[in-house]
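# Understanding the architecture of this molecule
Now for the letters of each chain:
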Amino acid sequence: MKWVVVWPKFTTFTSFTYFHPGASVQNPFKPTAGATPPDLIGRAGLLDEFEYGLQQGSGAPGLLTIITGSRGIGKTVMLSAAEAIARNHGWAVISRTANPGFLAKIGDDMLRLVDEFGGGPPTRKITAFSAAGFGLTTQLPQERVPDWRRTGEELLRLLEAKGTGLVITIDEIHAVDRTEISQLAADVQHFIRDGLPIGLIFAGLPAAVSDLLNEGVATFLRRADRINLHEAATAEVTASYRELFSEGGIDVSPELVSEAAEATEGYPFLIQLVGYYLWMAAGKAGWTLDQNSVRAAIAAARRRNTLVVVESALSDISDKDREFLDAMAQQDGPSAAAQIGHIIKSKPNVVSKYRNRLIAAGLIEPAGYGKVDFAIPGLRQYLRG
C-alpha cells in the first residue's frame, strides 16, 4: 500500500511506503541440510537426557547417544541442536561428518583445543582452514606428531579442570568404513572408564546403526540412548505454521494452512521447503495467501524435494535396485515380498537381498511383517513418472 502526498506548490510528489510486518522479517524457514529450523516440530524433549548428562558429567547415559532416521528426517538438525546445548553448558564441541579420514581430523581438532586451553606452543603453525568441514590442517614439529588417545586424554583433563568437557558429534556414519567408527567408540569408552568428561553422538540411517551395533564394540554402543526420528504429526505442523505466519503478518485461512501442513507428510525437510515457498509467495502477493499461491508453493516444494532428496538418493543404485523400487511403486501402499518377487520374477532369496540393500540405503523401510514401504516422500510418485 502506498500513501501519496502531493504538495500544492509543486508538480513533483513524495511517496511514503507502508511496510507490512512480514517485509521486515527474514524468511524463517531454512530448507538446507543441517540448518536449524525456526521450530523443532515434534522433537520436544528428545535431547533432555543428553542435557541432563551434561549437568551430571562423565558416565551419564545421555552423553552417549545414537540418532537414527530416514533421509531428510532431521538427523543433522538434531546434532546441531545438541551441539548448541553443549556450548550453552560450556562444553567444547567437535563436529564431524564421517568421511574417510575423519578420525585424524578429530585429532587435529583436539590439538587445536589443547593449544587453546593450554596456551599453545609457539612452534605450532596453522597452514590451512577448511570452512566446510570446520577442520584445521596443521604443521607440527616431528616430536609433536599426535597420538590420538594421548591427545584426547590431555584435552579432557584440561577441560575437566575447568569444570566442563568435550562433546563429539559424528554425522552420516552410514557413509564411512566401520573401522574408524569402531576405533572412535573404543577410545571414547576408554575415556569414560577413566572418568573423563566426554560425550559422543552418532547420527545415521537405521540399517547402518544396526550394522555398527554388531561390531566388536557393540557391548559399549548398545548402552547408548537411542533417538529414532519419525515424521511429525500433521497437527503439530499446522500449529507451527499458524504461529509463524501469524507472527509474520501473513493473511492465510486456517483451511489453507492445514492443506499446506498435510502436503509435508510430517517430513522435516518438506516442512521447511513448503514453509519457505509459502513465505516467498506471500511476499510477492501483498502478504496474503490464496488457494492458487498455496498450491503453487506446495508444487515448488515437491519439485525441490525431488531434485535434492529423491534424485540424489537414486543416483547410485543398480538397475536391479531400480527394478525392485519400480515394482513397489505399482502399489498404493506397503508392498509384500511375494508381490515384488512376482513382478520382478525373482526368487525369495533374491528379493530379500535387494530388500536389505535398499533398507540400508535409506530408500525403503519395513512396514509390518514381510512388507516394505518407501522411506522418502515423493519417491513413489517420481518412480511412477
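Here is what the cut-offs are and how they apply
Residues numbered from 1 in each chain as written. Predicted model: local features only at pLDDT ≥ 70, side-chain atom pairs only at ≥ 80, totals over all residues. Heavy atoms only, no water. Helix = DSSP H or I, 4+ residues; strand = E, 2+ residues; numbered from the N terminus. Buried < 20%, exposed > 50% of the residue type's maximum accessible area, 1.4 Å probe, protein only. Areas by Shrake-Rupley, 256 points an atom, 1.4 Å probe, with all protein chains shown as cover. pLDDT = per-residue confidence, 0-100. Contact = heavy atoms within 4.5 Å. Salt bridge = Lys/Arg side-chain N within 4 Å of Asp/Glu carboxyl O. Phe/Tyr/Trp six-rings, centres within 6.5 Å; stacked < 30°, edge-to-face > 60°. Pairing = 2+ DSSP bridges. Axes fitted to C-alpha atoms, helices over the stretch in contact; angles between N-to-C directions. Parallel < 35°, antiparallel > 145°, perpendicular 65-115°, else oblique. Left-handed = near helix turned anticlockwise from the far one by under 90°. Nonpolar A, V, L, I, M, F, W, Y, C, P; charged D, E, K, R; others polar. Core = buried A, V, L, I, M, F, W, Y, C linked by side-chain atoms within 4.5 Å. Expected span 1.5 Å × (residues − 1).

## Considering the overall build of the protein
When helices and strands are counted, the protein shows 15 helices and twelve strands. Within the protein, buried positions represent 46% of all 385 residues. By element, 51% of the accessible surface of the protein is carried by carbon and sulfur atoms, the whole surface being about 19400 Å².

## Observations regarding the confidence of the model for the protein
Taken over all residues, the pLDDT of the protein has a mean of 83, while the share at 70 or more is 84%. For the protein, per-element mean pLDDT is lowest for strand E5 (residues 125–130), which scores 32, and highest for helix H9 (residues 254–263), which scores 97. Contacts for the low-pLDDT stretch residues 121–146, under 50 throughout, to residues beyond four places or in other chains number 43 contacts.

## Some thoughts on the pattern of salt bridges
The tally for this structure, following the rule as stated, stands at nine salt bridges. Between Asp-373 and Arg-380 there is a salt bridge, and its shortest N-O distance comes to 2.7 Å. On the basis of relative accessible area, Arg-380 is assigned to the buried category, the value being 12%.

## Re the packing of aromatic side chains
Under the defined criterion, the tally for this structure stands at seven aromatic pairs. Geometrically, the ring pair formed by Phe-29 and Tyr-241 is edge-to-face, given 5.8 Å between the ring centres and 80° between the ring planes. Linking Phe-29 in the loop between strand E2 (13–17) and helix H1 (48–56) with Tyr-241 in helix H8 (residues 234–247), this pair joins segments that are 212 residues apart in sequence. Accessibility assignment for this pair places Phe-29 and Tyr-241 in one class, buried. For the ring pair Tyr-276 and Tyr-277, a centre distance of 5.4 Å and an interplane angle of 85° mean the geometry is edge-to-face.

## Comments concerning the sheet that holds strand E4 (residues 92–97)
In spatial order, the strands read E4-E7-E8-E3-E9; together these five strands make up an open sheet with parallel pairing. The strands lining the two open edges of the sheet, one partner per strand, are E4 and strand E9 (225–228). Across the sheet, the mean angle separating the axes of adjacent strands is 15° when strand polarity is ignored. With six bridges connecting them, E4 and strand E7 (residues 166–171) associate as parallel partners. What sits directly across from Arg-96, in E7, is Ile-170. Of the strands in this sheet, strand E3 (64–68), E4, E7 and strand E8 (198–204) touch helix H2 (residues 75–88), which is tilted by about 170° from E7.

## Examining the packing of H8 against H9
Direction vectors running N to C along H8 and H9 enclose 130°, while the axes themselves pass 9 Å from each other. As summarised for this structure, H8 and H9 are arranged oblique, according to the angle between their axes. Where H8 crosses over H9, the two elements pack in a sense that is right-handed. Residues Thr-234, Val-237, Thr-238, Tyr-241, Arg-242 and Phe-245 of H8 touch H9, and the partners they reach there are Pro-254, Val-257, Ser-258, Ala-260, Ala-261 and Glu-262. When grouped by side-chain class, the residues that make up the contact of H8 with H9 number seven nonpolar, three polar and two charged.

## Thoughts on unusual backbone geometry
In this model, Glu-172 sits at a positive phi of 55°, which is unusual for a non-glycine residue. Tracing the chain through its elements places Glu-172 in the loop between E7 and helix H5 (178–193). Of note, the phi angle at Glu-265 is positive, near 55°, even though the residue is not glycine. Tracing the sequence through the fold places Glu-265 in the loop between H9 and helix H10 (268–284).

## Section: the nonpolar core
Formed by 76 residues in total, the largest nonpolar core has its most connected members in Phe-50, Tyr-241, Phe-245, Phe-324, Leu-325, Leu-363 and Ile-364. Setting aside chain neighbours within four positions, we find Tyr-241 in contact with Phe-29, Val-257, Ala-260, Ala-261, Thr-264, Leu-270, Ile-271, Val-274 and Gly-275. By size, the runner-up hydrophobic cluster in this structure holds 35 residues, among which are Ala-98, Phe-102, Leu-156 and Leu-212.

## Regarding the packing of helix H12 (residues 319–329) against helix H13 (residues 337–344)
The geometry of H12 relative to H13 is characterised by a closest axis approach of 9 Å and an angle of 120° between their N-to-C directions. On the basis of the axis angle, H12 is oblique to H13. As H12 packs across H13, the resulting crossing turns out to be right-handed. Together, Lys-320, Glu-323, Phe-324, Ala-327 and Met-328 of H12 and Ile-340, Ile-343 and Ile-344 of H13 make up the contact between the two elements.

## Quick look at the sheet that holds strand E11 (residues 364–366)
Pairing is antiparallel in the open sheet, where three strands are placed in the order E10-E12-E11. If you trace the sheet from one side to the other, it starts and ends with strand E10 (335–336) and E11, each paired once. In this sheet, strand E12 (residues 371–374) lies alongside E10 in antiparallel orientation, the contact comprising two bridges. Counterpart to Ala-336 in the pairing with E12 is Lys-371. Running at roughly 90° to E12, H12 makes contact with E10, E11 and E12 of the sheet.

## As for H10
Along its 17 residues, H10 runs 25 Å from first to last C-alpha, staying within 8% of the 24 Å computed at 1.5 Å per residue. With respect to burial, H10 is a largely interior element, 13 of its 17 residues being buried. Note on H10: the residue one or two positions beyond its end, Gly-286, has a positive phi of about 65°.

## A closer look at the environment of Ser-258
Checked against the element boundaries, Ser-258 lands in helix H9. According to the relative accessible area criterion, Ser-258 is partly exposed, its value standing at 21%. Along the sequence, Ser-258 and Thr-238 sit 20 residues apart, while their C-alpha atoms lie 5.6 Å from each other. Setting aside anything within four residues of it in sequence, one finds Ser-258 in contact with Thr-238 and Arg-242.

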